[in-house]
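Given next are the chains, with one letter for each unit.
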Amino acid sequence: MGPVTCVLLVAGQASRLALDVERDASGCYTSLQGIPKALLPGPRNIRILDHWWQALKQCSGISQVLLVTNADKYKHFERWASAADFPLSNIINDGSTLPSNALGAAGDLELVVRTRLLLHSDVLVIAGDMMYQTGKFKIEDVLNFWQDHPEGDVAVCYSIQSSELTTCRGILEIDECSKRVKKFLEKPLPSATDSRLGSVVFYGLRSSTLQLLQPYLRDCVSRSHRSMGCFIAHIINLQKRPVYGCLVQSDFQLIGDVSLQDYMSWLELYSTDVPRRKPSSPGFKARAFARFGSLNDLYGISSREGYLGGLRLLQATCKMFLHYCTQHRIELSGRNFTLSYDTNIPRQVGLAGSSAIVTATLHALMAFYGITDQQLPQLQRPQLILDVERHELNINAGLQDRVVQVGCRWGAGCGAGGVLVPGWGAGSWWWCRQDAGSSLWCRLYAISWLRCWVVVLVFVYQGLVYMDFSRELLERDHHGRYEHISLHEDVQLPSFFLAYRPDPSDSGRIHSDVRDRFDRGDVAVVEGMTELASLTDVALTAILKSDAHKLGSLMRQNFKIRERLYGRQCLGEQNLRMVELGEDGGAAVKFPGSGGAVLGLIFPHTDMELLRGRYQSEGCVVVDVIPQLDRKRILLSL
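Residues numbered from 1 in each chain as written. Predicted model: local features only at pLDDT ≥ 70, side-chain atom pairs only at ≥ 80, totals over all residues. Heavy atoms only, no water.

Draft legend 1. Representation of the pattern of salt bridges within the structure. Evaluated as defined, the whole model comprises 18 salt bridges. The salt bridge partner of Asp-50 is Arg-47, with a shortest N-O separation of 2.8 Å. Relative accessible area serves as the criterion here: at 11%, Asp-50 is assigned to the buried category. A salt bridge links Arg-577 to Glu-618; the nearest nitrogen and oxygen atoms lie 2.6 Å apart. (Salt bridge = Lys/Arg side-chain N within 4 Å of Asp/Glu carboxyl O. Buried < 20%, exposed > 50% of the residue type's maximum accessible area, 1.4 Å probe, protein only.)

As structure tokens, then:
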């Protein structure tokens with residue numbers, strides 16, 4: 001047996017555990033909020049994934065380790081990789097954002113095998129969010145066992161304790177002499193089998209087995225069958241593949257869709273170190289600080305995010321907020337606070353990641369200090385946010401993103417607490433808390449958006465917003481005219497997808513000199529912007545009439561105008577290639593922002609799975625766009 005590739009599966013969605021942590025009123029588990037399962041504390045207070053990574057690095061038979069995660073938690077693993085000296089290029093983003101659109105463990109494995117050309121390799125598959133008793137087994141022993149059985153696959157198992165239920169895990173029936181697995185039972189009743197050998201997500205799969213993945217997934221009727229357990233049951237019980245059971249002495253606990261109580265019980269069983277609430281900081285004192293896991297961690301993060309990352313956005317927003325309050329004679333209390341942020345918006349792909357953080361900060365500060373809509377009107381907030389970026393930080397940007405992020409329903413008012421939209425693009429969130437120890441914190445989610453039209457029309461998770469940025473309006477009122485467009489329940493929205501590259505460039509450079517040319521009255525640019533504005537009115541009519549083909553045609557016109565104004569060299573080869581891939585696959589495609597990502601409209605004839613595969617084969621991440629809709633509103637199926 002030659003060198004083996006190991007695939008760590010960490011794309012699962014722990015919705016129940018996350019919800020328990022969110023609702024916990026004790027304050028003991030604050031540090032766990034938003035943390036992916038694999039990065040939770042494990043034995044000896046070492047992150048679960050670190051146990052696996054350290055063990056795998058010591059295995060001479062492992063040629064490479066790949067990790068597959070989802071779009072929602074990708075940034076957490078990107079940061080972990082820098083600290084743990086894990087190759088960033090070995091992280092695969094499966095593009096899923098919700099349990100409802102998750103690929104499943106078997107689907108994630110197929111994605112890795114297909115995109116990393118592993119179809120003719122032997123692969124070790126491990127759930128990276130699985131706790132085990134360190135020191136009781138070695139991965140090298142599993143590899144040696146596998147080598148002793150060259151004709152088949154390997155399934156790691158252990159003897160479950162009397163307190164463990166067979167109905168909570170897969171059970172293997174193994175021939176004592178040959179060690180071949182005779183039968184795989186998925187969560188059977190105790191009376192269904194005498195075996196008490198628990199199967200764990202730790203398998204060695206030959207290349208001939210990997211070739212069964214695509215046909216199996218193609219025939220899957222239910223998403224629940226896309227688990228590794230169901231696939232292993234399929235190859236053992238139906239395909240009669242030779243699979244051998246490797247019995248180890250360690251116990252295992254997979255952090256699946258479990259409760260906080262279950263997780264803490266297992267952690268206490270495996271380790272005496274249990275996460276507790278850390279002492280509050282003395283508050284924000286106009287100084288920035290950052291923590292890094294190592295010098296390599298500092299180097300990697302500084303290379304990707306600059307020397308201050310999001311902290312500069314935090315400080316600049318606080319400064320401009322105080323400046324605004326001082327100018328308008330708004331008295332602020334003298335309370336201190338701690339402000340921290342997290343975000344899942346891809347970096348530098350033109351999806352308004354910076355403005356999402358600024359918007360979230362501003363709203364958190366408003367809520368903390370009790371600033372009302374009358375004191376800081378909703379119409380003025382987009383300009384204030386833009387001033388933070390353009391005047392304080394020299395970030396090239398426009399008003400559109402900020403208008404959408406500031407409010408859910410223009411003209412209807414928006415609470416300072418914001419709104420949470422499920423799924424990828426829930427954006428950046430901030431905690432603004434009183435250091436006196438208040439257990440009820442002000443938390444705000446800045447909603448990510450997807451912009452269909454460069455000038456005045458935005459299709460977003462929050463709804464449809466019509467924007468008029470006429471020069472006379474901006475000069476007279478210092479803001480544009482913004483209207484939330486309500487869709488009648490019989491309006492059918494087409495399906496969209498978002499594709500982007502995980503190796504982003506500086507999205508600001510794609511703005512080129514068009515803004516300066518527009519300000520100078522350049523005839524070509526002014527005429528081009530006027531064309532875009534006219535497309536918007538027609539596009540709104542197409543949406544209200546459920547005319548997806550007309551909307552797709554307008555999106556293509558939008559892209560052609562932008563290509564003419566900016567030039568192909570400015571737009572960049574990679575960005576143009578993403579548009580080309582989508583159009584060749586039968587979708588209507590344009591840029592949703594300033595480069596690095598494309599938004600595609602899916603027609604009934606579009607083979608989305610084939611198109612998704614083409615994007616993935618060229619290193620792109622593909623995300624389903626899931627608008628927030630009223631219950632009676634219809635979203636066309638793919």
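Draft legend 2. Main features of the packing of helix H11 (residues 311–327) against helix H13 (residues 381–392). The contact between H11 and H13 brings their axes to 10 Å, and the two run at 120 degrees. By the angle class used here, H11 and H13 are oblique. Handedness of the H11/H13 crossing: right-handed. When H11 is examined against H13, the residues Ala-316, Thr-317, Lys-319 and Met-320 are found in contact with a partner set consisting of Leu-384, Asp-387, Val-388 and Glu-392. Class assignment for the residues of the contact of H11 with H13 results in four nonpolar, one polar and three charged. (Axes fitted to C-alpha atoms, helices over the stretch in contact; angles between N-to-C directions. Helix = DSSP H or I, 4+ residues; strand = E, 2+ residues; numbered from the N terminus. Parallel < 35°, antiparallel > 145°, perpendicular 65-115°, else oblique. Left-handed = near helix turned anticlockwise from the far one by under 90°. Contact = heavy atoms within 4.5 Å. Nonpolar A, V, L, I, M, F, W, Y, C, P; charged D, E, K, R; others polar.)

Draft legend 3. Spotlight on the packing of aromatic side chains. Enumeration according to the criterion identifies 16 aromatic pairs in this entry. Where Trp-52 meets Tyr-132, the ring centres are 4.5 Å apart and the plane angle is 50 degrees; that geometry is what we call tilted. Here Tyr-132 lies in strand E5 (residues 130–132) and Trp-52 lies in helix H2 (residues 48–57), a separation of 80 residues in the sequence. Of the two residues, Trp-52 and Tyr-132, both sit in the buried class. With centroids separated by 6.3 Å and ring planes inclined at 35 degrees, the aromatic side chains of Tyr-132 and Phe-252 adopt a geometry described as tilted. Residue Tyr-132 is located in strand E5, and its partner Phe-252 is located in strand E11 (residues 252–254); the two are separated by 120 residues in the primary sequence. Phe-252 carries the same exposure label as Tyr-132, and that label is buried. Through a chain of ring-to-ring contacts, three or more aromatic side chains come together here, namely Trp-52, Tyr-132, Phe-137, Tyr-158, Phe-202 and Phe-252. Over the ring of Tyr-566 we find Arg-562; its NZ or CZ atom is 5.3 Å from the centre of that ring. (Phe/Tyr/Trp six-rings, centres within 6.5 Å; stacked < 30°, edge-to-face > 60°. Lys NZ or Arg CZ within 6 Å of the ring centre and 35° of its normal.)

Draft legend 4. A look at the sheet that holds strand E20 (residues 588–590). Taking strand neighbours across the sheet as the criterion, the four strands line up as E20-E21-E19-E22 in an open arrangement whose pairing is antiparallel. The sheet is open, and its two borders are formed by E20 and strand E22 (621–625), each paired with just one other strand. For this sheet the average axis-to-axis angle between neighbouring strands, irrespective of direction, equals 25 degrees. By the bridge criterion, three bridges tie E20 to strand E21 (residues 597–602) in an arrangement that is antiparallel. Along E21, the bridge assignment pairs Val-589 with Gly-600. (Pairing = 2+ DSSP bridges.)

Draft legend 5. Layout of the pairing of strand E7 (residues 170–174). Across the five residues of E7, four count as buried, placing the element largely inside the fold. Where E7 lies against strand E8 (residues 181–186), five bridges are found, and the strand directions are antiparallel. Note on E8: the bridge partner recorded for Glu-173 is Lys-183. Hairpin connection between E7 and E8: a loop of six residues separates the two successive antiparallel strands, and Lys-179 in this loop has a positive phi of roughly 70 degrees.

Draft legend 6. The packing of helix H12 (residues 353–369) against H13, seen in detail. At their nearest, the axes of H12 and H13 sit 10 Å apart, and the two run at 120 degrees to each other. Overall, the two elements H12 and H13 adopt an arrangement that is oblique. Like other packed secondary-structure pairs, H12 and H13 cross with a definite hand, here right-handed. Across the interface between the two elements, Ser-354, Ser-355, Val-358, Thr-359, Leu-362, His-363 and Met-366 of H12 pack against Arg-381, Leu-384, Ile-385, Val-388 and Glu-389 of H13. Split into classes, the residues belonging to the contact of H12 with H13 amount to six nonpolar, four polar and two charged.

Draft legend 7. Representation of the side chain of His-76 within the structure. Here His-76 shows up in helix H3 (residues 74–84). The class for His-76 is buried, based on a relative accessible area of 16%. Among all residues touching His-76, those that are not within four sequence positions of it are Gly-34, Ile-35, Pro-36, Leu-39 and Asp-342.

Draft legend 8. Spotlight on the confidence of the model for the protein. When pLDDT is averaged along the protein, the result is 80, and 82% of the positions lie at 70 or above. Across the protein, the element-wise mean pLDDT spans from 28 in strand E14 (residues 442–445) up to 97 in strand E1 (residues 4–9). A low-confidence stretch, residues 276–288 stays under pLDDT 50, and its non-local contacts, those more than four residues away or across chains, total 26 contacts. (pLDDT = per-residue confidence, 0-100.)

Draft legend 9. Spotlight on unusual backbone geometry. A positive phi angle, near 60 degrees, is found at Arg-44, a position not held by glycine. Along the chain, Arg-44 falls in the loop between helix H1 (15–23) and H2. At Leu-117, a residue that is not glycine, the phi angle is positive and equals roughly 55 degrees. Note on placement: Leu-117 falls in the loop between helix H4 (104–115) and strand E4 (123–127).

Draft legend 10. Examining helix H17 (residues 523–544) more closely. For H17, built from 22 residues, the straight-helix expectation of 32 Å at 1.5 Å per residue is met to within 8% by its first-to-last C-alpha distance of 32 Å. Within H17, the full set of buried residues consists of Val-525, Gly-528, Met-529, Leu-532, Leu-535, Thr-536, Ala-539, Leu-540, Ala-542 and Ile-543. In an axial view of H17, the angular spread of the buried residues amounts to 150 degrees, which keeps them on one side of the axis. With a side-chain oxygen lying 2.9 Å from the backbone nitrogen of Ala-524, the N-terminal cap of H17 falls on Asp-522. One or two steps after H17, the chain reaches Ser-546, where phi turns positive at roughly 55 degrees. (Expected span 1.5 Å × (residues − 1). Arc of directions from axis to C-beta. Polar contact = N/O pair within 3.5 Å; in protein donor to acceptor, adjacent residues only side chain to side chain.)

Draft legend 11. Up close: the environment of Asn-396. Structurally, Asn-396 is set in the loop between H13 and helix H14 (400–406). Residue Asn-396 is classed as partly exposed on the basis of its relative accessible area of 37%. Between the C-alpha atom of Asn-396 and that of Arg-515, which follows or precedes it by 119 residues, the distance is 9.4 Å.

Draft legend 12. Representation of the environment of Asn-575. Its place among the elements puts Asn-575 in helix H20 (residues 573–584). Asn-575 gets classed as buried once you look at its relative accessible area, which sits at 7%. In this structure the C-alpha to C-alpha distance between Asn-575 and Gly-596, which are 21 residues apart in sequence, comes to 5.9 Å. Polar contacts involving the side chain of Asn-575 include one to the main-chain carbonyl oxygen of Leu-571, which spans 2.6 Å.

Draft legend 13. Broad picture of the environment of Leu-544. Tracing the sequence through the fold places Leu-544 in helix H17. Judged by its relative accessible area of 40%, Leu-544 is partly exposed. When the C-alpha atoms of Leu-544 and Val-491 are compared, they prove to be 6.2 Å apart, with 53 residues separating the residues in sequence.

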